[in-house]
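In case you want the letters, here they are:
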Amino acid sequence: MRLDAACALATGKGRKECRDAIRRGAVSVDGIVEKKADRTVTEGQRVVWSGEELDLREHLYFMLCKPDGLVCTTEDLPESVLTLFPPKYRKRLFCVGRLDKDTTGLLLLTDDGAFDHHLMSPKHHAEKEYVVTLARPLSASDVESLQGGMTLENGETTLPCRVIPEGETTCRIVLREGKYHQVKRMFAAVSNRVIALRRVRIGSLDLDPTLADGQWRELTEEEVLLLSEKKE
Ligand code: URA
């Protein structure tokens, strides 16, 4: 890859800005200042821009244990989940799907549009599992209504899903779709209210139990491959 392209990939800045910085002497390769924007660099080389080492990998994949109170946005806002990541990643990453501001748990972030598209595509049907805490007890007939596929307040219909009661006011719900505020709206449709919602699984990937709210880690190559698998 050309040095200016590598800098653009790693920083999210435009090629011209990168070329200018290289010509100014702001970029070094393996410890030596490099002013030639068209020279080639490989992933194994150490490229430093104004003191910060760049990550030359083509794509990045992270699992975040989303805390309450942050929002899924790439806008440069103090309440964005991206503030939890170092600046070198912030410009590159976006959220795979969305969780509400008050929803916690498993959130994937990447810069790989094809990975995002695959996981979000209705064709792929990646399961999403949530732990739900409710304001009122859940009855057996509520479970039946939720599982069978239901009509929401605006007339939208949901696909059949699985509901696994755990306590009087707690359950798990496993969905194969992701409508806006879907879990909250489904429980509202059986006259209940979600008071806490945590996503604990997407497809084959469980939320890493060693991550506290607000912590993240990179996905392993195996996890990325499993999530990218096509289902029949
Ligand atoms: N369903 C919701 O209602 N909220 C979320 O954040 C995710 C699913």
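About the criteria used
Residues numbered from 1 in each chain as written. Predicted model: local features only at pLDDT ≥ 70, side-chain atom pairs only at ≥ 80, totals over all residues. Heavy atoms only, no water. Helix = DSSP H or I, 4+ residues; strand = E, 2+ residues; numbered from the N terminus. Buried < 20%, exposed > 50% of the residue type's maximum accessible area, 1.4 Å probe, protein only. Contact = heavy atoms within 4.5 Å. Domains from an automatic or database assignment. Buried area = accessible area lost by both parts, 1.4 Å probe. Disulfide = S-S within 2.5 Å. Pairing = 2+ DSSP bridges. Polar contact = N/O pair within 3.5 Å; in protein donor to acceptor, adjacent residues only side chain to side chain.

> Please clarify how the environment of leucine 227 should be interpreted in this entry.
Looking at the secondary structure, you find leucine 227 in helix 7 (residues 221-228). On the accessibility criterion, leucine 227 (2% relative accessible area) is buried. On a C-alpha basis, the gap between leucine 227 and arginine 19 in space is 36 Å, while along the polypeptide they are 208 residues apart. Leave out the neighbours within four places in its chain, and leucine 227 touches Leu108, Phe115, His118, Leu119, His124, Ile202, Ser204, Leu205 and Leu219.

> Just to check I follow, could you spell out the domain arrangement of the protein for this structure?
Many structure descriptions define interface size as the accessible area lost when the parts assemble. Assigned domains within the protein: domain 1 (3-53), domain 2 (61-122 + 205-228) and domain 3 (128-202). Domain 2 and domain 3 are separated by 23 Å when their C-alpha centres are compared. On the domain 3 side, the residues contacting the 18 residues of domain 2 number ten residues. Where domain 2 abuts domain 3, roughly 1100 Å² becomes buried across the two surfaces, and 40% of that area is made up of carbon and sulfur atoms.

> I tried to follow the state of the cysteines on my own but got confused; where do I start?
In protein structure, a disulfide is the covalent linkage between the sulfur atoms of two cysteines. What the rule picks out here adds up to zero disulfides. The thiol of cysteine 161 is unpaired, and the distance to the nearest cysteine sulfur, on cysteine 171, comes to 9.3 Å. Since its relative accessible area comes to 10%, cysteine 161 is described here as buried. Relative accessible area serves as the criterion here: at 0%, cysteine 171 is assigned to the buried category.

> How should the pairing of strand 5 (residues 61-66) be read in this particular structure?
Along a regular strand, successive side chains alternate from one face of the sheet to the other. Among the six residues that make up strand 5, six are buried, leaving the element largely enclosed by the rest of the structure. On strand 5, burial covers both faces: Tyr61, Met63 and Cys65 on one face and Phe62, Leu64 and Lys66 on the other are all buried. Pairing geometry for strand 5 and strand 7 (residues 103-110), over six bridges, is antiparallel. Directly across from lysine 66, in strand 7, lies its bridge partner glycine 105.

> Would you mind going over the side chain of arginine 201 with me for this structure?
The topology assignment puts arginine 201 in strand 11 (residues 194-202). Note on arginine 201: relative accessible area 15%, which makes it buried. A polar side-chain atom of arginine 201 sits 2.9 Å from a polar atom in the side chain of glutamate 129. Among all residues touching arginine 201, those that are not within four sequence positions of it are Leu106, Glu127, Lys128, Glu129, Arg162, Val174 and Asp206.

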